[in-house]
Amino acid sequence: MRRTLNVIRLQLINRQTFIWVPLLILGSVTALGVLIYAMIPGDGPKYIGAGQAPLWYFFAIGISAMTLTFPFSQAMSITRREFFTGTLLTAILGSAFLGAIFLIGAGIEMATNGYGLNGYMFYLPWLWEAGPIGAFVVYFTLALLLFVLGFTGATIYKSWGPLVLTIVGIGLALVLVGLVFLATRLELWLDVWQTIGTLGAFGLALWGLLAVAVLSGVSFLAFRRAIP
């Protein structure tokens, strides 16, 4: 466990990665969002999705955690299992941190009536149907899922090279297009949207956590073959 905690310290040596850069992105998009709200006429609620920007940054963190930090960890005699576990725990901590920041942002928006402009970036009603805990789970899951996606892709790349990664990407795209084709052909879109509406953001987030578990298992299996 101590060696696993050392991996967390290793990932957090450069605190810009998990703390300051996400905060900088979040602060920048918030400032831009306020300017956009001020330019939109009318007194009705204004919603933009710019708050998702730091979530996508976690995809890049997942890639760099594998491609940049993993080779360095092997030079320090850290086992693959310890590196994998420590990195995943770091991602969980980072995602929880970002989820808490999103809750604070939503609290500010509610307290200031949307920055005095009735504009909202963090307090999105659909995400808050299950209350603050549900909203936190949504934010946490999105950040963690994107991190694991990036980490899994980088792991496949380091294990089998760009050809296999490209084949996997094309395969996933074909599966997605196939599902869209079936839903269109069988006229299932109404059922799809009804299911999404029934689950809500919180229910979808729970399925997202299941996807995180599956992807983590895939990346762990591939990680054994990864070349530093």
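The following refers to the structure shown. None of these values were measured; they are calculated from a predicted model. (Residues numbered from 1 in each chain as written. Predicted model: local features only at pLDDT ≥ 70, side-chain atom pairs only at ≥ 80, totals over all residues. Heavy atoms only, no water.)

### Digging into the side chain of T4
Piece 1. Along the chain, the position of T4 falls in helix α1 (residues 2–11).
Piece 2. When near neighbours in sequence (up to four residues on either side) are disregarded, T4 contacts E82, T85, G86 and L89. (Helix = DSSP H or I, 4+ residues; strand = E, 2+ residues; numbered from the N terminus. Contact = heavy atoms within 4.5 Å.)

### Quick word on the packing of aromatic side chains
Piece 1. Within this structure, the stated rule accounts for 18 aromatic pairs.
Piece 2. Considering the side-chain rings of F70 and F83, the 5.4 Å spacing of their centres and the 50 degrees angle between planes classify their relative orientation as tilted. Taken together, the residues span a long stretch of sequence, with F70 in helix α3 (residues 53–75) and F83 in helix α4 (residues 80–111) at a distance of 13 residues.
Piece 3. Between W189 and W193 the ring centres are 6.3 Å apart and the planes differ by 25 degrees, which places this aromatic pair in the stacked class. Linking W189 with W193, this pair stays in helix α8 (residues 189–223), spanning 4 residues, or about one helical turn.
Piece 4. We classify W193 as exposed; its relative accessible area is 56%. (Phe/Tyr/Trp six-rings, centres within 6.5 Å; stacked < 30°, edge-to-face > 60°. Buried < 20%, exposed > 50% of the residue type's maximum accessible area, 1.4 Å probe, protein only.)

### Regarding the environment of R80
Piece 1. Mapped onto the elements of the fold, R80 is located in helix α4.
Piece 2. Exposure remark for R80: the relative accessible area of 27% places this residue in the partly exposed category.
Piece 3. Measuring from C-alpha to C-alpha, the distance between R80 and L103 comes to 35 Å, with 23 residues separating the pair along the chain.
Piece 4. Here the side chain of R80 touches F223 through a polar contact of 2.9 Å, landing on its backbone oxygen. (Polar contact = N/O pair within 3.5 Å; in protein donor to acceptor, adjacent residues only side chain to side chain.)

### Looking at unusual backbone geometry
Piece 1. With a phi close to 55 degrees, N113 is a non-glycine residue in the positive phi region.
Piece 2. Its location among the elements puts N113 in the loop between α4 and α5 (114–118).
Piece 3. Even without being glycine, N118 reaches a positive phi, approximately 60 degrees.
Piece 4. Mapping N118 onto the fold places it in helix α5.
Piece 5. With relative accessibility at 14%, the residue N118 sits in the buried group.

So, to be careful, I would describe these as geometric facts and stop short of saying anything about function.
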